[in-house]
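Breakdown of the fold
Spelled out, the chains give:
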Amino acid sequence: MSSDFESYEQDFGTTTAEITNKIGRIPKLSGEEKTQLILNVDKQLEEVRELMEQMDLEVREIPIQSRAMYNSRLKSYKQELEKLEKDFKRSRIAYSDEVRHELLGDDGGSSENQLIKLREERAHLLDNTERLERSSRRLEAGYQIAVETEQVGQEILSNLHTDREKIQKARERLRETDANLGKSSRILTGMLRRIIQNRVLVFMLGAIILLTIILAIYFNLRGH
């Protein structure tokens, strides 16, 4: 389990190093090239967030006695990610001296205020964009939870339906068993009644035969 965590650590280190390098290049660019680099960094930051989630899951699976050390390392990585996100935010509205000169031209004094105003507007726009992105992620997470809850509910309903069918079948088998037991009881009662009747008949026949023998002996002795 710790080997997976260390593998994620290596990916984290490699990716954050690339992001740091690209963040340093963003203020030096402008136009389409800057936009593409910003999109690339944003994508890599999302990959880092996913790595953090994977590391968090791995830490939860680590035995408690070893978990504190990994929690400490994970905390430092989270802090590093927060710093990268802040640096990335600043780099998106920052300009190097060369780009500033290109944007302002020779009239740097009067245009400096325009650049500051533009920077503030960009910062405000980025803040709004980040809020929208966070809200979107929360909505997606909520939707995912709702979908998973619905799936769990459907599984529970399906299980309840299956259990209900099993109970109904069990009840039907019990009714059949009760009916069979009733039939068996009636058959046994009839057999017992016939056995008793047969025994009474046998005793009566035996008594009649015995009486006949006694009478025959008696009359035979009397004739002599």
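Residues numbered from 1 in each chain as written. Predicted model: local features only at pLDDT ≥ 70, side-chain atom pairs only at ≥ 80, totals over all residues. Heavy atoms only, no water.

Describing the UniProt feature "transmembrane region" (unreviewed entry) in the chain
- In the numbering used here, UniProt assigns the "transmembrane region" (unreviewed entry) feature to residues 200-221.
- Helix makes up 100% of residues 200-221 and strand makes up 0%, while its end C-alpha atoms are separated by 31 Å. (UniProt positions renumbered as here; feature names shortened; annotations may be inferred. Helix = DSSP H or I, 4+ residues; strand = E, 2+ residues; numbered from the N terminus.)

Regarding the packing of aromatic side chains
- Using the criterion set out here, one finds three aromatic pairs in the structure.
- Judged by centre distance (4.9 Å) and plane angle (45 degrees), the ring pair of Phe12 and Tyr77 falls under tilted. On the criterion of sequence distance, the pair formed by Phe12 in helix H1 (residues 2-25) and Tyr77 in helix H3 (residues 64-93) is long-range, its members being 65 residues apart. Residues Phe12 and Tyr77 agree in their burial class; the two are buried.
- Measuring from ring centre to ring centre gives 5.4 Å for Tyr218 and Phe219, while their planes differ by 70 degrees; the resulting arrangement is edge-to-face. (Phe/Tyr/Trp six-rings, centres within 6.5 Å; stacked < 30°, edge-to-face > 60°. Buried < 20%, exposed > 50% of the residue type's maximum accessible area, 1.4 Å probe, protein only.)

Structural notes on the pattern of salt bridges
- By the definition in use, this model includes six salt bridges.
- Across the pair Asp56 and Arg60 runs a salt bridge, and its minimum N-O distance is 3.0 Å. A residue pair is termed a helical-turn pair when its members lie 3 or 4 positions apart in one helix, as Asp56 and Arg60 do in helix H2 (residues 31-61) at four residues.
- We classify Asp56 as partly exposed; its relative accessible area is 21%.
- Members of the salt-bridge network, linked through shared partners, are Glu46, Arg49 and Glu85. (Salt bridge = Lys/Arg side-chain N within 4 Å of Asp/Glu carboxyl O.)

Things to note about a nonpolar patch on the surface
- Where nonpolar side chains cluster on the molecular surface, the patch consists of Leu205, Ile208, Ile209, Ile213, Ile217 and Leu221 and spans about 610 Å² of accessible area.
- With respect to the secondary-structure elements, Ile209 resides in helix H5 (residues 108-223). (Patch = residues over 30% accessible without salt bridge, like charges linked within 9 Å, V, L, I, M, F, W, Y side chains within 5 Å. Areas by Shrake-Rupley, 256 points an atom, 1.4 Å probe, with all protein chains shown as cover.)

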